[in-house]
Amino acid sequence: MIRAIKKSLIGIYCRAKELKKLLTDKTIANGASYFPEYADRRKNKSRIFFDQLKNIIRYGDVNDFYYLYGFDIKGLRDEKAYVDYAVFRARREELMHKNTNPQVAILRDKFYFSIVSEALGFRSPRTIAVITGDNVYLFASRKTISLEDFVKNNNVDSYVKLIDGECANGVFQVQIKNGEILVDGTDSSIDNFKKLIEKGKFLVQERIYQHEKMGALYPKATNSVRITSLYDKKSNEVVFLPCFLKIGLGNMTVDNWAIGGLIVGLDVETGKLREWAYYKPGYGKKTQSHPDTGVVFKDFEVPFFKEAKELIRAYHSQLKEVHSIGWDITITPDGPCIIEGNDNWEISALQVTNHGMRKEFEQYM
């Protein structure tokens, strides 16, 4: 009884908070459309306001992807085919049993993930070291040295990653040669490097270079394929959801959508890109070609895509207790390489780049 009352009060509080957001943030009901080509079919502000109000009442939140999904355009999308993020998140967490499922810890900690990947023989970036404050543990020699000695005596071309970081938080491209440090391609000092890594535990992994075809899309970041897989215990097999490709732009050294990158849908059967790439709200709208390289997305074929799916199928078959995983894959000149697996993947990007996922959600989740 107490738990039910507490849950009800939390629901009321969250809805009140979202209602305040709807009333005070004018962009929610008057945002720019991602589909200006259908301007003659656009809903008015009042209709959009009540759409969002209905979402708050039903699900407890404002739909942050309302415009990305094209819901502001009459008849463009079947809104019932889309899954609200709050509903998806609650079901995903329930299926994960994150508090009792030890396999989830492998995905939550990049250090554990690198060890397990190597032990199972699945290709992933080689781990060079772990940095904790001023201490650097070297994997090859199995000894701990100071950060100063590491910089002075080692030449590395790497990515330095916060072990429990998300959405590209705490990820740096780091090159060290003859005591000189480049961070994200810019000269740095050891003092500045220390400031970047002073909070938390960081993994140093070899930099993986992408296939030249992937580099043609955008060369300054390693563009990665997001493949989401589910382990279906009914059929005892790994099932794939729609995929997408993450692409950097501007001067980005990572490809993450959360900090301004692009996402474009990827046909799970053919490995070919769809027509439009999308920016996250606040960074832009959509484009049919890369703004820097001019490469057209439609029918661009990702190399080694079949091999990437086979790699994921084999890996997820070893983690059967994890219901679903969002894998980030780099395509190298000689095949796919697993960068990481995410148990806390989001459905929104899949729906933006492909279609509403209600059918798949009800079938597998």
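A. Here's a closer look at helix 2 (residues 45–59). Spanning 15 residues, helix 2 covers 21 Å between terminal C-alpha atoms, matching the ideal 21 Å at 1.5 Å per step. Looking only at helix 2, the buried set comprises I48, D51, Q52, N55 and I56. Viewed end-on, helix 2 has its buried residues packed into an arc of 140°, placing them on one side of the element. Seen from the buried face of helix 2, the exposed residues on the opposite side, beyond 90 degrees, are F50, I57 and R58. Among the residues of helix 2, the N-terminal cap falls to N44, whose side-chain oxygen and the backbone nitrogen of S46 are separated by 3.2 Å.

B. Representation of the environment of E310. Relative to the elements of secondary structure, E310 occurs in helix 9 (residues 305–316). For E310, a relative accessible area of 42% corresponds to the partly exposed category. On a C-alpha basis, the gap between E310 and P336 in space is 9.8 Å, while along the polypeptide they are 26 residues apart.

C. Here's a closer look at the layout of surface pockets. Its boundaries defined by the atoms lining it, the second largest pocket holds a volume of some 700 Å³. In terms of lining residues, the second largest pocket is bounded by 23 residues, among which Y59, D61, A86, V87 and R89 are the most central. Those elements that place two or more of their residues in the lining of the second largest pocket are helix 1 (2–24) and helix 3 (85–96). The element best represented in the lining of the second largest pocket is helix 1, accounting for eight residues.

D. Broad picture of the packing of aromatic side chains. Inspection of every chain in the model, using the stated rule, returns 18 aromatic pairs. Within the aromatic cluster, the residues linked to one another by ring pairs are F65, Y66, Y67, Y69, F71, Y82 and W257. K213 extends its terminal NZ or CZ atom over the ring of F300, reaching a point 5.2 Å from the ring centre. The ring centre of W276 lies 4.6 Å from the NZ or CZ of K286, which sits over that ring.

E. Quick look at the environment of A308. Its location among the elements puts A308 in helix 9. Judged by its relative accessible area of 1%, A308 falls in the buried class. For A308 and G335, which are 27 residues apart along the polypeptide, the C-alpha to C-alpha distance reads 7.7 Å. Excluding residues within four positions of it along the chain, A308 makes contact with I227, I329 and P336.

Basis of the calculations
- Residues numbered from 1 in each chain as written.
- Predicted model: local features only at pLDDT ≥ 70, side-chain atom pairs only at ≥ 80, totals over all residues.
- Heavy atoms only, no water.
- Helix = DSSP H or I, 4+ residues; strand = E, 2+ residues; numbered from the N terminus.
- Expected span 1.5 Å × (residues − 1).
- Buried < 20%, exposed > 50% of the residue type's maximum accessible area, 1.4 Å probe, protein only.
- Arc of directions from axis to C-beta.
- Polar contact = N/O pair within 3.5 Å; in protein donor to acceptor, adjacent residues only side chain to side chain.
- 1 Å grid on protein atoms, 1.4 Å probe; cavity = no way out; pocket = protein on both sides within 12 Å on 5 of 7 lines; lining within 4 Å.
- Points joined across faces, edges and corners; volume = space filled by probe spheres on them.
- Phe/Tyr/Trp six-rings, centres within 6.5 Å; stacked < 30°, edge-to-face > 60°.
- Lys NZ or Arg CZ within 6 Å of the ring centre and 35° of its normal.
- Contact = heavy atoms within 4.5 Å.

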